[in-house]
Amino acid sequence: MAKELPPIEERSLWEDAHKMLAKAEKEGIETAWDRLLQQTPHCTFGESGICCRICTMGPCRISKKAPLGVCGADTDVIVARNFGRFLAGGAAGHSDHGRDCIEAFHAVAHGETEDYQIKDEAKLRRIAEELGIAVEGRELLDIARDLVEEFWASFGSQRSQVCFVSRLPEKQQETWRKLGITPRGVDREITEMMHRTHMGCDNDAANTMLHSARMCLADGWAGSMIATEISDILFGTPKPRKAQVNLGVLKKDHVNILVHGHNPIVSEKIMEAVNDPELIALAKEKGAAGINLAGLCCTGNELMMRQGIPMAGNHLMTELAIITGAVELIVVDYQCIMPSLVQVGNCFHTKMITTADKARFTGAEHVKFEMHNGMDQARRVVRMAIERFPLRDQDRVEIPCDPVDIVTGFSNEALLEALGGTLTPLIEAIKAGKIRGAVAIVGCNNPKYKHDHCNVNLARELIKKDILVLVTGCVTTAAGKAGLLVPEAIDMAGPGLKEICGALGIPPVVHMGSCVDNARILQLAALLANELGVTIADLPLAASSPEWYSEKAATIGTYAVASGIYTHLGHPPNITGSKVVTDLALSGLDDLVGACFGIEPDPFKAADLIDERIRQKREALGLSA
Ligand code: XCC
Ligand code: SF4
């Protein structure tokens, strides 16, 4: 049992984190690392997934002495049910975010708001056409209304499959149909998971696992994909642009506002409000040089991808950002927001504002954002931040470093443009072995690891092996801070990758967005598979989430595997108490969907594991290893 915290340098890879952890210690402010120590050792029943709380004949814990729950459920059933519900939480999170995007799009299409507009008309028309909606000679809003209905239909169970399954190669659709895992409707699959895992329903672990796959596919190919496509339509499809990352993006002489959460619907309006000349004048009246906006986590990714707004930090940097003492206000929507931010804010003058009725925090102030009042509410929030500037104690402010430059904005549209309009140059580079494959490194931070050590080192090792790396979510900030998201990073890449990225003027590690934007990577995989006349499982692709923590990350991993993409995780989900479930995850799924999970905490060994997988896929395609 760990009795004390590791030294500060062992808790994070970064200087900005070290300095803020030292400041926290000096000022007696508790962080996630302190609380992890208090929670260690963790409950081993929970860790291996063999504690069942599904009914009140229990709770039941499985042991040698008591191998069955009161109802007779064994460890396999219990673990599969627990894991299914865990994944349901992740699918619900992304997909409810997607639903909020449809509501916004609905309001725009029906003229119910002036605060949101259609920014990318061409993308709206393109997607409508792709989904079989007539576009010729029709008004934009007419098309938009039809597209809204198409998206709503992917949430219920009105159709035999969600809309974007059509993006997959026919052969792969056939595999899913045979296995019975074609997702029918986002809400239907999540609800069915809750039903199946009620006491006395699905008591066959493998069968529950198959439904897990189907439900996660509904998230990837509908909930998340719809969120991404609508966000592009409403706020613009990302294009390559410069931005900056780390705590150095905060400014000592400015009013600093942080946006945290996931959905761009709130943060985009805050960004408009900070540029309002009246509010800038007010900030100056209060003694500030101006208003500075920075992002955290995924809403930070959304703003950075589209608008170049700087990123203050990823998941484990959120408490530390407040500890700079320079933040007037943090405005949040939902997901991955530690409740401790209220407590840390109370140690300073930092105010926390919540905006969604489904994510309120005791101790924070609630400013409800709705479609018809988004802009007014955003101005109100920015004004509150400005009013707090005079309360700041400048003697306690410490901005620990200078920001690092990055290039962001690689939507599939932008990637295609960089390639000259077709995938051919990329495919040729893959065939020639100059780019041996591609790996998406995605997901979170977890204080059980040295912060960002695995995220960064895995990316570094893979590009050395001529493997293109795509990043989203909290791995983005890690890669950015390590200097991997600029074209000059090709100097750290193998010769083939260096040549190709150098010719295209792109970094060897490409930022593709937030966590829902992993759907962009699914789409890219499908485009490549269709172009080559194979399935996604045949491609030299892999995914990895080295420092994951959330239900959503597990759901992403599961839809990646079910889509045919081998997925590495730094540590297993809480399933190790069941041999059936663990074997399925680590190998059995390979026979069914052509991919499985691999577990390895060491990033250097993980790079070899992934490299070996890519080697096999290349050989099967008749390409040099
Ligand atoms: Fe959350 Fe998306 Fe994980 Fe970061 S990467 S800690 S889920 S913010 Ni999604
Ligand atoms: Fe126990 Fe079965 Fe109830 Fe779970 S469902 S708590 S194993 S009796």
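Keep in mind it's a predicted model, so treat the numbers as computed, not measured.

## Re helix H2 (residues 15-27)
Spanning 13 residues, H2 covers 18 Å between terminal C-alpha atoms, matching the ideal 18 Å at 1.5 Å per step. Elements in contact with the buried residues of H2: helix H1 (8-11), helix H3 (32-39), helix H14 (318-323) and helix H20 (475-481).

## Topic: the site of ligand 2
The local shell around ligand 2 consists of Cys-52, Ile-54, Cys-55, Met-57, Gly-58, Cys-60, Gly-69, Val-70, Cys-71, Ile-78 and Arg-81. The residue makeup of the shell around ligand 2, split by class, is eight nonpolar, two polar and one charged.

## Quick word on the pattern of salt bridges
Throughout the structure, instances matching the rule amount to 47 salt bridges. A salt bridge links Glu-413 to Lys-123; the shortest N-O distance between them is 2.8 Å. With a gap of 290 residues between them, Glu-413 in helix H17 (residues 412-418) and Lys-123 in helix H6 (residues 121-130) connect regions that are remote in the sequence. Of the charged contacts in the structure, one is a salt bridge between Arg-306 and Asp-232, with a shortest N-O distance of 2.8 Å.

## Some details on the site of ligand 1
Around ligand 1 sit His-262, Cys-297, Cys-298, His-315, Cys-336, Gly-443, Cys-444, Cys-474, Cys-515, Tyr-549, Ser-550 and Lys-552, and that is every residue in its neighbourhood. In terms of residue class, the shell around ligand 1 is built from seven nonpolar, four polar and one charged. When we break the shell around ligand 1 down by domain, the ones giving at least three residues each are domain 3 (241-396) and domain 4 (408-620).

## Some words on the domain arrangement of the protein
The domains assigned to the protein are domain 1 (11-61), domain 2 (75-235), domain 3 (241-396) and domain 4 (408-620). One C-alpha centre belongs to domain 2, the other to domain 4, and the line joining them spans 23 Å. The interface is formed by 40 residues belonging to domain 2 together with 38 residues belonging to domain 4. Counting each side, the surface lost to burial between domain 2 and domain 4 is near 3,100 Å², with a carbon and sulfur contribution of 70%. At the boundary of domain 2 with domain 4, the tally comes to three salt bridges.

## A word on the coordination of the nickel atom of ligand 1
Within the protein, a single donor atom binds the nickel atom of ligand 1, namely Cys-515 (SG) at 1.8 Å. Locating Cys-515 in the fold gives a position in the loop between strand S13 (509-513) and helix H22 (518-532).

## Brief notes about the UniProt feature "binding site: [4Fe-4S] cluster 1" (unreviewed entry) in the protein
UniProt feature "binding site: [4Fe-4S] cluster 1" (unreviewed entry): in the numbering of this structure it lies at Cys-43 and Cys-51. Take Cys-43: it is sitting in the loop between H3 and helix H4 (44-48). Along the chain, Cys-51 falls in strand S1 (residues 51-52). The contact partners of Cys-51, leaving out residues within four places of it in the chain, are Phe-45, Cys-60, Ile-78 and Asn-82.

## Focus: a nonpolar patch on the surface
Residues Met-57, Val-70 and Met-199 make up a contiguous nonpolar surface patch of roughly 270 Å² in combined accessible area. Note on placement: Val-70 falls in the loop between strand S2 (60-61) and helix H5 (75-109). A relative accessible area of 55% means that Val-70 is categorised as exposed.

## Brief notes about the sheet that holds strand S16 (residues 597-599)
Sheet strands line up and pair through hydrogen bonds in the backbone, either parallel or antiparallel. Strand order in the open sheet formed by six strands is S13-S12-S11-S14-S15-S16, with parallel pairing between adjacent strands. Only two strands of the sheet have a single partner each, and these edge strands are S13 and S16. For this sheet, the mean inter-axis angle between neighbouring strands, taken without regard to orientation, is 25°. Where strand S14 (residues 541-545) meets strand S15 (residues 566-569), four bridges bridge the pair, whose relative direction is parallel. Considered in S15, the bridge of Ser-544 is made with His-568. Against the sheet, helix H25 (residues 603-620) contacts strand S11 (437-441), strand S12 (467-472), S14 and S15, and its axis sits at roughly 175° relative to S15.

About the thresholds
- Residues numbered from 1 in each chain as written.
- Chains lettered and ligands numbered in written order.
- Predicted model: local features only at pLDDT ≥ 70, side-chain atom pairs only at ≥ 80, totals over all residues.
- Heavy atoms only, no water.
- Helix = DSSP H or I, 4+ residues; strand = E, 2+ residues; numbered from the N terminus.
- Expected span 1.5 Å × (residues − 1).
- Contact = heavy atoms within 4.5 Å.
- Near = heavy atom within 4 Å.
- Nonpolar A, V, L, I, M, F, W, Y, C, P; charged D, E, K, R; others polar.
- Salt bridge = Lys/Arg side-chain N within 4 Å of Asp/Glu carboxyl O.
- Domains from an automatic or database assignment.
- Buried area = accessible area lost by both parts, 1.4 Å probe.
- Donors = N, O, S within 2.8 Å, 3.2 Å for Na, K, Ca; no water.
- UniProt positions renumbered as here; feature names shortened; annotations may be inferred.
- Patch = residues over 30% accessible without salt bridge, like charges linked within 9 Å, V, L, I, M, F, W, Y side chains within 5 Å.
- Areas by Shrake-Rupley, 256 points an atom, 1.4 Å probe, with all protein chains shown as cover.
- Buried < 20%, exposed > 50% of the residue type's maximum accessible area, 1.4 Å probe, protein only.
- Pairing = 2+ DSSP bridges.
- Axes fitted to C-alpha atoms, helices over the stretch in contact; angles between N-to-C directions.

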